[in-house]
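The residues making up each chain are set out below.
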Amino acid sequence: MSHITKIHIWNFPKEIQEEIARLVRRYAFYLPNWLHELHVYNDQFSSENAKACIKISHEYQQALLVIKDGFWEQDPYEQEQYLVHELSHIYTTEVHDFVGDIISSCVKDDGLRTVLIEQRRKINERLASTLAWAITIRDKEGKIIPIEFLFHKNRIAQKNECDSKIELADFPDREQQEGIPS
Ligand SMILES: [Zn+2]
């Protein structure tokens, strides 16, 4: 079943704006139908290690996917895997937050609470990676079929003037996505 989510592409240089939009559109079938807006923001001032993160508001039916500096160091396969991993958190966050609330309000022992919170974090990450692995579009050998990307290690995102765009996407079903091997 297809649905419509508004995709906002923020602060990317024109050269890769459309490439990012294309990558997100490729996985649009994976977005939940309650999500009305997906904001994708290029953070040019993040640390070297960080690759991407996502913040989700169920109340406002929005998600903010932040692309960080380390993302541009990855090859296209890894970039796609990271992006789908972050999108997977749209599904895992609600339970993650709920469990966090229970731990915080019910576990009085500081040591035990720290252990449980760390355990919760690990499970959340593992679940997102598992979902991402299952969803990523692959060939018969299990290798991601990446969109031919302009992303390179020259940090194009750092050097050029940035711009924003908004598009409305009417998302096709998974079978209609480009790159699905027949
Ligand atoms: Zn994660």
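Residues numbered from 1 in each chain as written. Predicted model: local features only at pLDDT ≥ 70, side-chain atom pairs only at ≥ 80, totals over all residues.

S.K.: Looking at this structure, I do not really get the pairing of strand S1 (residues 4–13). What am I missing?
M.R.: On any regular strand, side chains alternate: one points to one face of the sheet, the next to the other face. Bridge count between S1 and strand S2 (residues 37–42): 5 bridges; the pairing is parallel. Paired with Ile-7 across the bridge in S2 is Leu-38. Crossover handedness for the path S1 to helix H1 (residues 14–26) to S2: left-handed. (Pairing = 2+ DSSP bridges. Helix = DSSP H or I, 4+ residues; strand = E, 2+ residues; numbered from the N terminus. Right-handed = clockwise from strand over helix to strand, strands pointing away.)

S.K.: What is the right way to read the nonpolar core from this model?
M.R.: Grouped burial of nonpolar side chains is what soluble globular proteins tend to show. Core analysis: the biggest nonpolar cluster contains 27 residues, and Ile-20, Val-24, Leu-38, Val-40 and Leu-65 have the highest contact counts within it. At the level of elements, S1, H1, S2, strand S3 (52–57), strand S4 (62–67), helix H2 (76–106) and helix H3 (110–135) are the ones that each hand at least two residues to this core. The residues touching Val-24, leaving out its near neighbours within four places in the chain, are Ile-7, Leu-38 and Val-40. (Core = buried A, V, L, I, M, F, W, Y, C linked by C-beta atoms within 7 Å. Buried ≥ 20, exposed ≤ 12 C-beta atoms within 10 Å, placed from the backbone. Contact = placed C-beta atoms within 7 Å.)

S.K.: What is the right way to read the pairing of S3 from this model?
M.R.: On S3, burial follows the alternation: Ala-52, Ile-54 and Ile-56 on one face are buried, whereas Cys-53, Lys-55 and Ser-57 on the facing-out side are not. Direction of pairing for S3 relative to S4: antiparallel, over a ladder of 6 bridges. Bridge pairing in S4 places Ala-52 opposite Ile-67.

S.K.: Just checking my understanding: could you explain the packing of H2 against H3 for this structure?
M.R.: Two measures define how a pair of helices packs: the angle their axes make with one another and the distance between the axes. Here H2 crosses H3 at 150°, and the two axes come no closer than 8 Å. Taken together, the axes of H2 and H3 lie roughly antiparallel to each other. Crossing of H2 over H3 shows right-handed handedness. The residues of H3 that touch H2, namely those facing Gln-81, Val-84, His-85, Ser-88, His-89, Tyr-91, Thr-92, His-96, Val-99, Gly-100 and Ile-103, are Arg-113, Leu-116, Ile-117, Arg-120, Asn-124, Leu-127, Ala-128, Ser-129, Leu-131, Ala-132 and Ile-135. (Axes fitted to C-alpha atoms, helices over the stretch in contact; angles between N-to-C directions. Parallel < 35°, antiparallel > 145°, perpendicular 65-115°, else oblique. Left-handed = near helix turned anticlockwise from the far one by under 90°.)

S.K.: How do you make sense of the confidence of the model for the protein when you look at a structure like this?
M.R.: As a note on interpretation, predicted positions should not be read in detail where pLDDT is low. When pLDDT is averaged across the protein, the result is 81; 77% of the residues are at 70 or more. Counting contacts from residues 178–182, a segment whose pLDDT is below 50, to residues more than four positions away or on other chains yields 8 contacts. (pLDDT = per-residue confidence, 0-100.)

S.K.: Looking at this structure, I do not really get H1. What am I missing?
M.R.: An α-helical segment advances 3.6 residues per turn. Residues three or four places apart therefore align on the same side. A rise of 1.5 Å per residue sets the reference length of H1, with its 13 residues, at 18 Å; its end C-alpha atoms lie 19 Å apart and thus fit the reference within 8%. Residues of H1 that are buried include every one of Ile-16, Ile-20, Leu-23, Val-24 and Arg-26, and no others. One side of H1 carries all its buried residues, which in axial view fall inside an arc of 155°. (Expected span 1.5 Å × (residues − 1). Arc of directions from axis to C-beta.)

S.K.: Where do I start with unusual backbone geometry in this structure?
M.R.: Note: most residues except glycine have negative phi, and most peptide bonds are trans. Not every positive phi belongs to a glycine, and Asn-11 is a case in point at roughly 65°. With respect to the helices, strands and loops of the structure, Asn-11 is situated in strand S1. Exposure remark for Asn-11: the 16 C-beta atoms within 10 Å place this residue in the partly exposed category. Even without glycine at this site, Gln-61 takes up a positive phi of about 55°. Secondary-structure assignment places Gln-61 in the loop between S3 and S4.

S.K.: What is the right way to look at the environment of Ile-7 in this model?
M.R.: Summarising the element assignment, Ile-7 is placed in strand S1. With 17 residues separating them along the chain, Ile-7 and Val-24 place their C-alpha atoms 8.4 Å apart.

S.K.: So what exactly am I meant to see when it comes to the environment of Tyr-91 here?
M.R.: Position of Tyr-91 relative to the elements: it lies in helix H2. Along the chain, Tyr-91 and Leu-31 lie 60 residues apart, while their C-alpha atoms are 8.9 Å from each other.

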